[in-house]
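The primary structure of each chain is shown beneath.
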Amino acid sequence: MTHRVLTIQSSARIEGSYSRLLVDEFAGQLCDSGGHWSRTNRDLTSEPVPALQPDTVDAIRTAQPNDEQRRAAALSETLIGELQSADLVVVGAPMYNWGIAASLKAWIDQIVRIGHTYAHGPQGISGLMRNRPAIVVATRGGLYSTPDKAAYDFQIPYLRMVLGAIGFRSEFVVCEGTLTGGDTLQGSLEHARRTLTELAQRHRA
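Residues numbered from 1 in each chain as written. Predicted model: local features only at pLDDT ≥ 70, side-chain atom pairs only at ≥ 80, totals over all residues. Heavy atoms only, no water.

**Let's talk about the sheet that holds strand E3 (residues 88-94)**
Heads up, the condition is: In this scheme, strands are said to pair when DSSP sees at least two bridges between them. In this text, helices come from DSSP runs of H or I with a minimum length of four residues, and strands from runs of E with a minimum of two, each type numbered from the N-terminal end. Axes here mean lines fitted to C-alpha atoms, for a helix over just the part in contact, with angles spanning 0 to 180 degrees between N-to-C directions. By definition in these notes, contact holds between two residues if any of their heavy atoms fall within 4.5 Å.
Reading across from one edge, E2-E1-E3-E6-E7 is the order of the five strands in this open sheet, with parallel pairing throughout. A strand with exactly one partner marks an edge of an open sheet, and here the two such strands are strand E2 (37-43) and strand E7 (168-175). Looking at each pair of strands side by side, their axes are set apart by 20° on average, direction ignored. Where strand E1 (residues 3-9) meets E2, seven bridges bridge the pair, whose relative direction is parallel. Residue Arg4 lies in a different strand from E2, and its bridge partner there is Ser38. The strands touched by helix H1 (residues 18-31) are E1, E2, E3, strand E6 (132-139) and E7; relative to E3, the strand with the most contacts, the crossing angle is about 160°.

Printed below as a string of structure tokens:
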């Protein structure tokens, strides 16, 4: 039986991106397992997802859409379908201006849909992705793991909340100091690689 991993790349840099590098290395380890895993990649930089427009918002909020509304919601349906068919989702998420890339936020706005990826009832929000696993590779140029810098981190808390809201069981692998270089970067990169290798082995088992 073949399992499917969906990778989401959101770095604005095609070359020299640590999030791209780590996601690709992880996918390579996972898929080099005798054909038990296959990869689908969604690159939000080379193939941008548009920001929500009025017609798209109207379409995804309509219970019985007409033909025009179905066309407006077609991309959202495709992106949600990719999630639903994946056994594991891996998100490459570099930090930009203390948050996530605009391209990743645009993707999130298309896939977080009531009745499709989450439900809302008397008990509040419940995710419809049924506790599926997700791995977020979070990279950042500075160091935000200390208590005095944690308040500036709107990257990991947001992704933890939004992925959890739609039903993912997320694990975060962090590589910090990508702009500092030297031993700080090398130590962080080696730790991230070790963690991703362990995760690949776990999912291959």
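Here the narrative resumes, following the displayed structure.
**Thoughts on a nonpolar patch on the surface**
Note the cut-off: Surface patches are defined over residues having more than 30% relative accessible area and no salt bridge, joining like charges when they lie within 9 Å and nonpolar side chains (Val, Leu, Ile, Met, Phe, Trp, Tyr) when within 5 Å. Each accessible area is a Shrake-Rupley estimate made with a 1.4 Å probe; only the visible protein chains count as cover when residues are assessed. Each reported salt bridge corresponds to a side-chain nitrogen of Lys or Arg within 4 Å of a carboxyl oxygen of Asp or Glu. Buried means the residue's accessible area, taken with a 1.4 Å probe over protein chains only, is under 20% of the maximum for its type, while exposed means over 50%, and partly exposed covers the values in between.
On the surface, a cluster of nonpolar side chains totalling about 380 Å² of accessible area is made up of Trp98, Tyr152 and Phe154. Tracing the backbone through its elements, the reader meets Phe154 in the loop between helix H6 (147-150) and helix H7 (156-165). Residue class for Phe154 comes out exposed when judged on its relative accessible area of 55%.

Purely spatial values, then, with no claim about function.
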